[in-house]
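Spelled out from the first residue to the last, the chains are:
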Amino acid sequence: IYVGQNPLKLYEYAAAGLPVLSTPHDEYQYLDPPARVVSNTEEVMQLLPELLRNRDALSQQAMDFVSQRSWQSIYERAAAIIDSTARS
């Protein structure tokens, strides 16, 4: 369950290795997303040069974010918890 919106585009853009500019989402307090959050056009214009300068580093952050949230990594974490619980 989430408050606000499901930030699906965050995952899609990150999976593509793109730097992410986003409007605010309540879920970001739990996700620690690789996104620069903006609230208006002025903030977008201020951040664009940074995104272009740091594109490679931001792309790597995005890819790291996605790899930790892939179906495979989620399955592996769940399997480890189930296995650990079953052994207790």
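Above this note sits the structure.
Keep in mind that what you see is a predicted model, and the values were worked out from it rather than measured.

**Student:** Give me the overall build of the protein chain: which residues, what numbers.
**Tutor:** The helix and strand tally for the protein chain stands at five helices and two strands. Sequence separation of 24 or more characterises 43% of the internal contacts of the protein chain that already satisfy a separation of 6 or more. As displayed, the protein chain has an accessible area near 6600 Å², and 56% of this comes from carbon and sulfur atoms. If you average the places of the 7 positive and of the 11 negative side-chain charges in the protein chain, the two averages end up 5 Å apart.

**Student:** Break down the nonpolar core for me, citing the residues and quoting the values.
**Tutor:** In terms of nonpolar packing, the biggest core is built from eight residues, these being Leu10, Ala14, Val20, Tyr28, Leu31, Ala35, Ala62 and Phe65. Breaking this core down by element, the ones donating at least two residues are helix H1 (8-15), helix H2 (28-31) and helix H4 (55-67). In contact with tyrosine 28, not counting residues within four places along its chain, are Pro7, Leu10, Ser22, Thr23, Pro33, Ala35 and Val37.

**Student:** Residues and numbers for the packing of aromatic side chains, please.
**Tutor:** Within the structure shown, the criterion is met by one aromatic pair. Ring centres of tyrosine 11 and phenylalanine 65 lie 5.6 Å apart, and the angle between their planes is 25°; on these two criteria the pair is classed as stacked. Residue tyrosine 11 is found in helix H1, and its partner phenylalanine 65 is found in helix H4; the two are separated by 54 residues along the sequence.

**Student:** Go over unusual backbone geometry, please, and point to the residues and values.
**Tutor:** Unlike most non-glycine residues, aspartate 32 shows phi in positive territory, near 50°. With respect to the element layout, aspartate 32 can be found in the loop between H2 and strand E2 (35-37). For aspartate 32, a relative accessible area of 66% gives the class exposed.

Definitions and limits used
- Residues numbered from 1 in each chain as written.
- Predicted model: local features only at pLDDT ≥ 70, side-chain atom pairs only at ≥ 80, totals over all residues.
- Heavy atoms only, no water.
- Helix = DSSP H or I, 4+ residues; strand = E, 2+ residues; numbered from the N terminus.
- Contact = heavy atoms within 4.5 Å.
- Areas by Shrake-Rupley, 256 points an atom, 1.4 Å probe, with all protein chains shown as cover.
- Lys, Arg positive; Asp, Glu negative; His and termini not counted.
- Charge placed at Lys NZ, Arg CZ, Asp CG, Glu CD.
- Core = buried A, V, L, I, M, F, W, Y, C linked by side-chain atoms within 4.5 Å.
- Buried < 20%, exposed > 50% of the residue type's maximum accessible area, 1.4 Å probe, protein only.
- Phe/Tyr/Trp six-rings, centres within 6.5 Å; stacked < 30°, edge-to-face > 60°.

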